[in-house]
Amino acid sequence: MTKSICRWGILGAANIARKNWKAIRMSGNGVVAAVASRDVQRAEAFIHDCSLECPPVITGPDGSAELTRPEAIGDYQALLNRDDIDAVYIALPTTHRKKWVLAAAAAGKHVIAEKPFAVHAEDAIEMADACREAGVNLMDGVMFDHSSRLPELKHTLTDPVAFGDLKRIQTHFSFCGDDSFEEANIRASADLEPHGALGDLGWYCIRFTLWAAGDRLPTAVSGQSTVRLDDGRVPGEFQGEMRFDDGLTAGFFCSFFCVNQQTATLSGNRGYATLNDFVLPFSGSESSWETHQHELFIDNCRWNFGEHSRKHGVTEHASGEADSQETRMFRHFADEVLHRRVEARSSEIAVKTQQVLDALRRSDADESRWVKL
C-alpha cells in the first residue's frame, strides 16, 4: 500500500458502481486498480465506458499525474487475492454480499458494501465481526452519511429557540418503476434482493432516522408491505413506524410505484425542518434545508397562521463533484485505510440499520404487530 493512494478493486459491474468509480477518481487519494465480474467481457466494457468519462489517474507526491487502466478480471476471488488491492467496493446483490464480505476480510481487504447490508441481522453481525477480527474497515454505501449538510443540520436540531426538542421524524423515498420493472429489475427478485423497496429505499429512511436520533435504536417498530412483488415475497411498497425510549416517534414510506420523492420532515416542539432531497441532493454544489415556525393569531372571528421560514444551505464545492457526498465517502474511507485506522461507527450503524429492517419485516409477517428491539 502506498502512503498516499488507496488502490481499489470493484466487485460487480452494476450501474451504481459507475457513480462510485467517479467518486474514487475525484477523491484525490484513491484509484481503481481492478474490476471483477463473472463475465470478464462485462468487466472490460465497464472499464472502457467509465474510462471514457472519467479516466483513472494516479497523482504523485510531486503533483505529477499518471494515467492508468484497471485490469478486468473474470473471478471475484482472483481480485481479492491480488497484492495491489487495498480496499474493495462490493456492488453485488444482497443475497451474494455476505459471502464476498467474509472473503474480503479473510484476504485482508477493507470493504465498502452496497446496501441493504445482508439478508438477516445475524449475517450483518457476522460480517462486522469478521472485519473487526481481520483489522479491516467495513462500511455500507450510504452516501448522505458523509455529506457536509448533516453536521450543519444537527445545529438546527439542537437550537432550543428555533427548533426545541425533537418529537417526530417523517421520511419518504420513492421512484416509479416502468412497466417492465417487476419482470426485468433485480430489485423485484426474492432470490437477489429479498427486501425489495424496504432494502433499496427504506434503508435510507431508517438510517436518516437513526442519525437524527443520535444513532439510538428504537425500542419497537411496526411495518407493513402495502404492495408485494415476486409472488408476495418482496416488498414493492412499505410503510413503517418506530418508537424511541424518550417519546420520539418516526414514520416512513418507500415505494417503487410512486413519483420520485425523497423528503424528510423533523418536528420539534418549537419549530420544524424540511429537506426535499435528503438522499441525493438536487444540486451537487449545494445541500439545503428549511426551518419553519408557525404562530396562530386570533382576533375575534379571524384565526390565521403566520409562518416564519428560513432557508439554510451548505456549499460543497464549486464543481459539485470534487466534494460531493459520494466523493467524501470514498475519500474518508481511504484516509482511514491509508492511516491504518479502523473506525467502529461505520459497521455499527450499518448493523443497527439491518436490525431495524429485520424487526420491520418480522412485524410485517405478523400482521404489523409491534416488535421490540
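Quantities reported herein were computed from a predicted structural model and do not represent experimental measurements.

**Section: the environment of asparagine 276**
Step number 1: Within the secondary structure layout, asparagine 276 lies in the loop between strand E14 (272–275) and strand E15 (286–299).
Step number 2: Once residues within four sequence positions are removed from consideration, asparagine 276 is found in contact with Gln262, Thr263 and Phe282.

**Remarks on the pairing of E14**
Step number 1: Pairing geometry for strand E13 (residues 257–268) and E14, over four bridges, is antiparallel. Bridge pairing in E14 links serine 267 to tyrosine 272.
Step number 2: What sits between the antiparallel neighbours E13 and E14 is a turn of three residues.

**Points about the sheet that holds strand E5 (residues 71–73)**
Step number 1: With parallel pairing, six strands are arranged side by side in an open sheet as E5-E2-E1-E6-E7-E8. Sheet topology places E5 and strand E8 (138–140) at the edges, where each strand pairs with a single neighbour. Strand-to-strand twist of the sheet, defined as the mean angle between neighbouring strand axes without regard to direction, takes the value 25°.
Step number 2: In the sheet, strand E1 (residues 6–11) pairs with strand E6 (residues 87–90) via four bridges, with the strands oriented parallel. Each residue of the ladder has a partner; that of isoleucine 10, found in E6, is tyrosine 89.

**Re a negative patch on the surface**
Step number 1: Together, Asp178, Asp179, Glu182, Glu183 and Asp231 make up a region of like negative charge exposed at the surface.
Step number 2: Within the fold, aspartate 231 resides in the loop between strand E10 (220–229) and strand E11 (234–243).

**A word on the domain arrangement of the protein**
Step number 1: What the domain assignment lists for the protein is domain 1 (6–144 + 324–342) and domain 2 (148–280 + 282–315 + 353–372).
Step number 2: Of note, the centres of domain 1 and domain 2, computed from C-alpha atoms alone, are 28 Å apart.
Step number 3: Listed as interface residues are 22 residues of domain 1 and, on the opposing side, 22 residues of domain 2.
Step number 4: Interface of domain 1 and domain 2: buried area, both sides summed, is about 1700 Å²; carbon and sulfur atoms make up 58% of it.
Step number 5: Counting the surface domain 1 buries against domain 2, the share from its top three residues, Lys115, Pro116 and Phe144, is 36%.
Step number 6: Summed over the shared surface of domain 1 and domain 2, the number is two salt bridges.
Step number 7: The salt bridge partner of lysine 115 is aspartate 200, with a shortest N-O separation of 3.7 Å.
Step number 8: Classifying every residue of the side of domain 1 that touches domain 2 gives 10 nonpolar, six polar and six charged.

**A short note on the pattern of salt bridges**
Step number 1: Scanning the entire structure with this criterion turns up 28 salt bridges.
Step number 2: Residue glutamate 53 pairs with lysine 22 through a salt bridge whose shortest N-O separation is 3.5 Å. Taken as a pair, glutamate 53 in helix H2 (residues 40–53) and lysine 22 in helix H1 (residues 15–27) lie far apart in primary sequence, 31 residues in all.
Step number 3: Here glutamate 53 falls in the exposed class, since its relative accessible area comes to 62%.
Step number 4: The exposure class assigned to lysine 22 is partly exposed, which follows from its relative accessible area of 23%.
Step number 5: Here arginine 341 makes a salt bridge to aspartate 335, at a shortest N to O gap of 2.8 Å.
Step number 6: When its relative accessible area of 27% is taken as the criterion, aspartate 335 is described as partly exposed.
Step number 7: Taken together, the shared-partner salt bridges connect Asp140, Asp145, Arg207, Asp215 and Arg345 into one network.

Criteria and cut-off values
- Residues numbered from 1 in each chain as written.
- Predicted model: local features only at pLDDT ≥ 70, side-chain atom pairs only at ≥ 80, totals over all residues.
- Heavy atoms only, no water.
- Helix = DSSP H or I, 4+ residues; strand = E, 2+ residues; numbered from the N terminus.
- Contact = heavy atoms within 4.5 Å.
- Pairing = 2+ DSSP bridges.
- Axes fitted to C-alpha atoms, helices over the stretch in contact; angles between N-to-C directions.
- Patch = residues over 30% accessible without salt bridge, like charges linked within 9 Å, V, L, I, M, F, W, Y side chains within 5 Å.
- Areas by Shrake-Rupley, 256 points an atom, 1.4 Å probe, with all protein chains shown as cover.
- Salt bridge = Lys/Arg side-chain N within 4 Å of Asp/Glu carboxyl O.
- Lys, Arg positive; Asp, Glu negative; His and termini not counted.
- Charge placed at Lys NZ, Arg CZ, Asp CG, Glu CD.
- Domains from an automatic or database assignment.
- Buried area = accessible area lost by both parts, 1.4 Å probe.
- Nonpolar A, V, L, I, M, F, W, Y, C, P; charged D, E, K, R; others polar.
- Buried < 20%, exposed > 50% of the residue type's maximum accessible area, 1.4 Å probe, protein only.

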